[in-house]
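Architecture at a glance
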Amino acid sequence: MTAPRTPQTPADALRGAGLRVTSARVALLETVRRGDHLGVEAIAAGVRERVGQVSLQAVYDALHALTAAGLVRRIEPPGSPARYEGRVGDNHHHLVCRSCGAVADVDCAVGEAPCLTACDDHGFTVDEAEVIYWGLCPACSTTRSS
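Residues numbered from 1 in each chain as written. Predicted model: local features only at pLDDT ≥ 70, side-chain atom pairs only at ≥ 80, totals over all residues. Heavy atoms only, no water.

Under the convention used in this document: UniProt positions are given in the numbering used here, feature names are shortened, and annotations may be inferred rather than shown by experiment.
The name given to the protein chain in an unreviewed UniProt entry is Fur family transcriptional regulator, and the organism recorded there is Streptomyces broussonetiae. Taken from UniProt, the Sequence similarities (unreviewed entry) comment for the protein chain reads in full: "Belongs to the Fur family."

The structure is reproduced here in structure tokens:
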């Protein structure tokens, strides 16, 4: 599997995706790239730290546009609010802690994307697989065994 390529600057990434470059979008993309599977409220706070006031609706709208353009990835583990990450295009998977909700990246399970072969693809051309591994993170495992 190849390593993720070095990301472009946020402004270049936005231009390359055909999106208008605004200070809020640049701040949002920087926040997501520097964050760790952030929720919308945390992203909005990061954008506000960089550019001042921005509405939650504007953050949702920008996240939708950036997700559609493939610049950010939305993940939504069952029972959890949506989270966003800047690691895109490599079909990696996630580990989720059942106790605290921490999320960590894990590379492809086996081989090349889509990482898994469906036993019956029903005629679909499969280009991505989404796997969520559930368990306890190290901190929660230690707490429970104490």
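**A short note on the pattern of salt bridges**
Worth spelling out the cut-off: Put simply, a salt bridge is a Lys or Arg side-chain nitrogen that is within 4 Å of an Asp or Glu carboxyl oxygen. Note on conventions: DSSP H or I runs of at least 4 residues are helices, E runs of at least 2 residues are strands, and numbering of each starts at the N terminus. Under the scheme applied here, a residue whose accessible area is under 20% of the maximum for its type counts as buried, over 50% as exposed, and between as partly exposed, the area being computed with a 1.4 Å probe on protein chains only.
Counted according to the given criterion, the structure contains seven salt bridges. Here Glu85 and Arg73 are joined by a salt bridge, their closest N and O atoms 3.7 Å apart. Of the two residues, Glu85 sits in strand S2 (residues 83-85) while Arg73 sits in strand S1 (residues 73-75), which places them twelve residues apart along the sequence. Judged by its relative accessible area of 3%, Glu85 is buried. Between Asp105 and Arg87 there is a salt bridge, with the nearest N and O atoms lying 3.7 Å from each other. Placement of the pair is Asp105 in strand S4 (residues 103-106) and Arg87 in the loop between S2 and strand S3 (93-97), with a sequence separation of 18 residues. In this structure Asp105 comes out as partly exposed when scored by relative accessible area, which is 30%.

**What to know about helix H2 (residues 23-34)**
Just so we agree on the cut-off: An expected span of 1.5 Å times one less than the residue number is assigned to each helix. We call two residues contacting when some pair of their heavy atoms lies within 4.5 Å.
Taking 1.5 Å per residue, twelve residues should reach 16 Å; H2 reaches 16 Å between its end C-alpha atoms and fits that length. Along H2, the residues classified as buried are Arg25, Val26, Ala27, Leu28, Leu29, Thr31 and Val32. On its buried side, H2 packs onto helix H1 (10-16), helix H3 (40-51), helix H4 (56-68) and S2.

**Re the packing of H2 against H3**
Defined as follows: Only the contacting stretch of a helix is used when fitting its axis, a line to C-alpha atoms as for every element, and angles between N-to-C directions run 0 to 180 degrees. Working definition: roughly parallel below 35 degrees, roughly antiparallel above 145 degrees, roughly perpendicular at 65 to 115 degrees, and oblique for all remaining angles. Note: crossing handedness is left-handed where the near helix turns anticlockwise from the far helix by less than a right angle, and right-handed where it turns clockwise. Just so you know the grouping, Ala, Val, Leu, Ile, Met, Phe, Trp, Tyr, Cys and Pro go in nonpolar, Asp, Glu, Lys and Arg go in charged, and all remaining residues, Gly too, go in polar.
Relative to each other, H2 and H3 sit at 125°, their axes nearing to 8 Å. One element, H2, and the other, H3, form an angle in the oblique class. With respect to the hand of their crossing, H2 and H3 are arranged in right-handed fashion. Along the contact surface, H2 presents Ser23, Ala24, Ala27, Leu28, Glu30, Thr31, Val32 and Arg34, while H3 presents Ala42, Ile43, Gly46, Val47, Arg50 and Val51. Taken together, the residues of the contact of H2 with H3 sort by class into eight nonpolar, three polar and three charged.

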